[in-house]
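Commentary on secondary and tertiary structure
Below, each chain spelled out in residue letters.
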Amino acid sequence: MSENDLDLEFGQSTPIADGSSCSLCFAHVSARTASGRVILSDISGCVPRGNMLAVLGPSGSGKTSLLDILANRSTISVDGRIWLDGTTPRDDKQIRNRVRYVQQEDALIGALTVRETLLFAARLGRTSASRGTDGGKRALYQYVDSVISRLGLSEQANTKIGTPIQRGLSGGQKRRVSVGEKLVANIGGSDDNSCVVLVLDEITSGLDAVAAYEVVSRVKEFAEATGMIVVASIHQPSTATFTLFDSVLLMSQGKQVYFGPVNQVTDYFAKQGLIIPSNYNPAEFLLEITNTDFIATKERSTHLQLTKEIIGDGDQIDQLCRAWNVSEEAKLLEAVLCKAVSEEHLDRNLRSDISRLGGFSGIAITFRNTMILVQRAIIKGYRDILAYGVRVIMYLGLAVLMGTVWLRLSANENTIQSFFNAIFFGSAFMSFMTVAYIPAFLEDLATYKKESHENLYGPAAFLLANVIVGLPFLFLITILFAVVEYWMTGFRSSATAFFRFVMWLFLDLIAAESLVVLVSTIAPIFVAALAITAFANGLWMAVGGFLVQPNVLNKFWYYTFYWIDYQRYVFEGMIFNEVEQRSYSCPWTSEGGCSGCMYAATEVEDGVCKISGKTVLDARGYGGNWTGLWVGLVIAIAIAMRLLAYVWLKFKARRTGY
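Described in the following lines is the structure provided in the data block. What you are looking at is a predicted structure, and each value in this text was computed from that prediction instead of being measured. (Residues numbered from 1 in each chain as written. Predicted model: local features only at pLDDT ≥ 70, side-chain atom pairs only at ≥ 80, totals over all residues. Heavy atoms only, no water.)

1. Quick word on the overall build of the protein
Inclusion rule: Strands are runs of DSSP state E lasting at least two residues, helices are runs of H or I lasting at least four, and both sets are numbered from the N terminus onward. Contact definition: two residues touch when any of their heavy atoms are within 4.5 Å. A 1.4 Å probe and the Shrake-Rupley method give the accessible areas. Residues count as covered only by the protein chains that appear here.
Within the protein, the secondary structure is distributed over 25 helices and 12 strands. Pairs at least 24 residues apart make up 76% of the contacts formed inside the protein by residues separated by at least 6 positions. Accessible surface for the protein amounts to roughly 28200 Å². Of this, 57% is attributable to carbon and sulfur atoms.

2. A short note on unusual backbone geometry
Backbone geometry at aspartate 42 places phi at a positive 60°, although glycine is not the residue there. Topologically, aspartate 42 is positioned in strand E2 (residues 38-48). At glutamine 236, a position not held by glycine, the phi torsion is positive, near 50°. Checked against the element boundaries, glutamine 236 lands in the loop between strand E7 (229-233) and helix H8 (239-242).

3. Looking at the state of the cysteines
Test applied: Pairs of cysteine sulfur atoms within 2.5 Å are what we label disulfides.
Evaluation of the coordinates by the stated rule reveals 2 disulfides. Bridging cysteine 586 to cysteine 597, the disulfide has an S-S length of 1.7 Å. A torsion of 60° about the S-S bond marks the disulfide between cysteine 586 and cysteine 597 as right-handed. Here cysteine 586, found in strand E10 (residues 583-587), pairs with cysteine 597, found in the loop between E10 and strand E11 (602-603); they are 11 residues apart in sequence, far enough to count as distant. In this model, cysteine 594 is linked to cysteine 609 through a disulfide, with the two sulfur atoms separated by 1.8 Å. Its torsion about the S-S bond being -90°, the disulfide of cysteine 594 and cysteine 609 is classed as left-handed. Placement of the pair is cysteine 594 in the loop between E10 and E11 and cysteine 609 in strand E12 (residues 608-612), with a sequence separation of 15 residues.

4. Section: the environment of phenylalanine 367
As for its position among the elements, phenylalanine 367 is in helix H15 (residues 362-383). Separated by 93 residues in the primary sequence, phenylalanine 367 and alanine 460 place their C-alpha atoms 9.2 Å from one another.

5. A closer look at helix H4 (residues 114-125)
Heads up, the condition is: Each helix should span, by expectation, one fewer than its residue count multiplied by 1.5 Å. Type-normalised accessible area, obtained with a 1.4 Å probe on protein chains alone, sets the label of each residue: buried when under 20%, exposed when over 50%, and partly exposed for intermediate values.
The end-to-end C-alpha distance of H4, which contains 12 residues, comes to 17 Å, matching closely the 16 Å that a straight helix rising 1.5 Å per residue would cover. Judged by how many residues are buried, H4 sits mostly within the fold: 10 of 12 residues are covered. Inspection of H4 places Val114, Glu116, Thr117, Leu118, Leu119, Phe120, Ala121, Ala122, Leu124 and Gly125 among the buried residues, and these make up the whole buried set.

6. A look at the side chain of arginine 175
Which entries qualify depends on this criterion: Any pair of nitrogen or oxygen atoms within 3.5 Å is treated as a polar contact; in protein, a donor-acceptor pairing is required on top of that, and neighbouring residues in sequence qualify only through side-chain atoms on both sides.
The topology assignment puts arginine 175 in helix H6 (residues 171-184). The exposure class of arginine 175 is buried, given its relative accessible area of 3%. At 3.3 Å, the side chain of arginine 175 and the backbone oxygen of glutamate 202 are in polar contact. Other than its neighbours up to four places away in sequence, arginine 175 contacts Val102, Gln103, Gln104, Glu105, Asp106, Asp201, Glu202, Ile203, Leu207 and Val215.

7. Section: the environment of phenylalanine 506
Relative to the helices and strands, phenylalanine 506 is located in helix H20 (residues 495-522). Each C-alpha atom, one on phenylalanine 506 and one on leucine 471, is 8.8 Å from the other, the two residues being 35 residues apart in sequence. The residues touching phenylalanine 506, leaving out its near neighbours within four places in the chain, are Leu471, Leu474, Phe475 and Thr478.

8. Some points on the packing of aromatic side chains
Just so we agree on the cut-off: Any two rings among Phe, Tyr and Trp, with Trp reduced to its six-membered ring, count as a pair given centres within 6.5 Å; such a pair is stacked if its planes are under 30 degrees apart, edge-to-face if over 60, and tilted if neither. For a lysine, the NZ atom is tested; for an arginine, the CZ atom; a charge sits over a ring if that atom is within 6 Å of the ring centre and within 35 degrees of the ring normal.
For the structure on display, the rule yields 37 aromatic pairs. Between tryptophan 406 and phenylalanine 425, the ring centres sit 5.5 Å apart and the planes meet at 45°, which makes this aromatic pair tilted. Residue tryptophan 406 is found in the loop between helix H16 (385-405) and helix H17 (416-432), and its partner phenylalanine 425 is found in helix H17; the two are separated by 19 residues along the sequence. Each ring, one from phenylalanine 424 and one from phenylalanine 546, has its centre 4.6 Å from the other, and the planes form 25°; the classification is stacked. Taken together, the residues phenylalanine 424 in helix H17 and phenylalanine 546 in the loop between helix H21 (526-543) and helix H22 (555-559) connect sequence positions 122 residues apart. Just as phenylalanine 424 is buried, phenylalanine 546 falls in that class too. What links up through ring pairs into an aromatic cluster is the set Phe419, Tyr486, Trp487, Phe491, Phe498, Phe499, Phe501 and Tyr584. A cation over an aromatic ring shows up here: arginine 150 above the ring of phenylalanine 222, its NZ or CZ 5.2 Å from the ring centre.

9. Side note on empty space enclosed by the protein
The condition is simple: Cavities and pockets were defined on a 1 Å grid built over protein atoms only: a cavity is a set of grid points that admits a 1.4 Å probe from which the probe cannot escape, a pocket is an open set flanked by protein on both sides within 12 Å along at least five of seven lines, and lining residues are those with an atom within 4 Å of any such point. Grid points are joined across faces, edges and corners, and a volume is the space filled by probe spheres set on the points.
A complete count under the given rule lists 8 cavities of 30 Å³ or more for this structure. Considered as a void within the structure, the largest cavity measures approximately 240 Å³ in volume. Looking at the largest cavity, it is lined by 17 residues, and the ones nearest its centre are Leu373, Ala377, Asp444, Phe462 and Asn466. Listing elements by their share of the lining of the largest cavity, those giving two or more residues are H15, helix H18 (438-452) and helix H19 (459-489). Here the lining of the largest cavity gets 5 residues from one element, more than from any other, and that element is H19.

10. Looking at the sheet that holds E10
Just so we agree on the cut-off: When DSSP locates at least two bridges between a pair of strands, those strands are taken to pair.
Spatial strand order, E10-E12-E11: 3 strands in an open sheet with antiparallel pairing. If you trace the sheet from one side to the other, it starts and ends with E10 and E11, each paired once. Sheet analysis places E10 next to E12, joined by 5 bridges and oriented antiparallel. Each residue of the ladder has a partner; that of cysteine 586, found in E12, is cysteine 609.

11. Description of the pairing of strand E8 (residues 247-252)
Residues in a regular strand point their side chains to alternate faces of the sheet. Among the 6 residues in E8, 6 count as buried, and that is most of the element. Residue alternation in E8 divides its side chains into two sets, Ser247, Leu249 and Met251 and Val248, Leu250 and Ser252, and both sets are buried. Across 4 bridges, strand E3 (residues 52-56) lies against E8 in parallel orientation. Looking across to E8, one finds that leucine 53 is bridged to serine 247. Sheet analysis places E8 next to strand E9 (residues 255-261), joined by 6 bridges and oriented antiparallel. The residue bridging valine 248 from the neighbouring strand is glycine 260, located in E9. Between the end of E8 and the start of E9, which pair antiparallel, lie 2 residues, with glutamine 253 showing a positive phi angle near 55°.

12. Focus: the nonpolar core
To be explicit about the condition: Put simply, buried Ala, Val, Leu, Ile, Met, Phe, Trp, Tyr and Cys residues joined by side-chain atoms within 4.5 Å make one nonpolar core.
Residues Phe420, Met430, Tyr457, Phe462, Trp504, Phe571 and Val616 are the most contacted members of the largest nonpolar core, which totals 100 residues. The element that contributes the greatest number of residues to this core is H20, accounting for 17 residues. Residues Val55, Leu250, Met251 and Phe269 belong to the second largest nonpolar core, which totals 93 residues.

13. Focus on a nonpolar patch on the surface
This is how it is decided: Only residues whose relative accessible area exceeds 30% and that take part in no salt bridge are eligible for patches, with like-charged residues grouped when within 9 Å of each other and nonpolar side chains (Val, Leu, Ile, Met, Phe, Trp, Tyr) grouped when within 5 Å. By definition, a salt bridge exists where a carboxyl oxygen of Asp or Glu is found within 4 Å of a side-chain nitrogen of Lys or Arg.
On the surface, Ile525, Phe526, Val527 and Leu530 cluster together to form a nonpolar patch covering roughly 370 Å² of accessible area. Mapped onto the secondary structure, isoleucine 525 falls in the loop between H20 and H21.

Read these as layout, nothing more, since geometry by itself doesn't imply function.
In structure tokens, the structure reads:
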């Protein structure tokens, strides 16, 4: 067989290394962990335009590791070469601009419809100035609708993805939407002839045979129609699904057992003495002969007994790998890859990030992406009951609880402590209850990780959009809570005092939600984020100066967390707002006058003594009213936590690619 014969066998009509022929080639790819454990060993293959490669192998064979390397998502040490479109891209971002990765688990926003999900993905992936015109928008909508049609989702175009309490798409339909997101976000894919690779990790995981076949067949139709390259790891496909692929890469223990056309699998293993029974699924046969977990099991099927007799008592996988290395197919593949090495050149035609975005500056791109994310978040906000509706009910419930417990307190010496308790409880628990935002933020964070891998936007746009959408909602919560609780409790009856009360609660929520964002970004696991945030709120309550006076507080807590406790500044600001301009009554007695009052008081008419609010504050150890400073400190703390979240995301982007 010649090299051209091999090209035809792999399903392409022009040489692999020809720059005019779009193909993905990888040669002698090996990978190992920092500890030296080998993950992949000498993996090679090539996939031409419009073809689908199935990466097959038992669990732990290195399938996902190979996909991560091809998509430039791996953080382990890698050796070998990768060519795309007959060339070697100059940097990592250029690889990501041409490779689309669909994760094993669907990271979709449940409150959006299918069409909205794909439209937002398309808008984020297509941010050049030419696409801002009416004609560009119309073309974008048409392109999205065409992708929806090709994926067989036309009837579900206006159906929501679905949330835990709102039924939506089936598992197979969600998989196709995940694929569709990558297709419409193909930067340049519909505008030029650039080569784009779609990488699918366990595309049929969790689907029945019918749903799996439907997903793969739709992807194949799209690949053939657009010339897109598809590389998919797949676990135990049905015979019908397996035959949809053009070629297969069989792996075990990180080693290569076979690479070639699907329709040649039977003949190849027959030459090795392994006859696939006519009534047996070829994919199951391949998985069974490469699965080392049950290699010592005494009870074997007929063909595995035959495998044992042919290969002998040696290591079965090593025998299969050696058979591949000396096979004619492996030698011809190596010859084609060597030719590609000799013709290797840097891809001078790949566009840089700035040029592909129509020449926008970095600030303009961030602003545009932020506005797109804001629009998406607004739609999610008013539809997602769990994200916002439940939180509104929670805060209204807290307001009613406080209003009925501290109901219509009168301004006398016996209620002074009750006023202090009400202010502390309200501000502390308003902050504590922001933990309810953790699930919604983690969903947004998962979407960000997925989309940032394709360079659709960065952490600045993500966090800015989060702030812009969150502030109006937090203000709405503050107003609803204050209107109910303020007047029921009997706080100072003054418009100025009320709006200052609202201001302090609003700042409290801003800082508390910033804490949630920071903790959830660093620990993006629900239970961990919940535990850490709850602990932090408990810490702020304990060291804020109300439960333990500052002059009694342990020196460690005083000189550390006491000064960065935003709840402390909120509480003191609310206390001065309520108490400083108010007076409290206590009974006058003929024997002692006002001397029996809890605080120093002055005698007034009608036998009633009055205690000034300033007297109460002085007696309790509160110094001057530094409202302006406290407002600035709370805002600074909130901004600092957001900036720390940004720094962490930038750090993770450098380390892991998101």
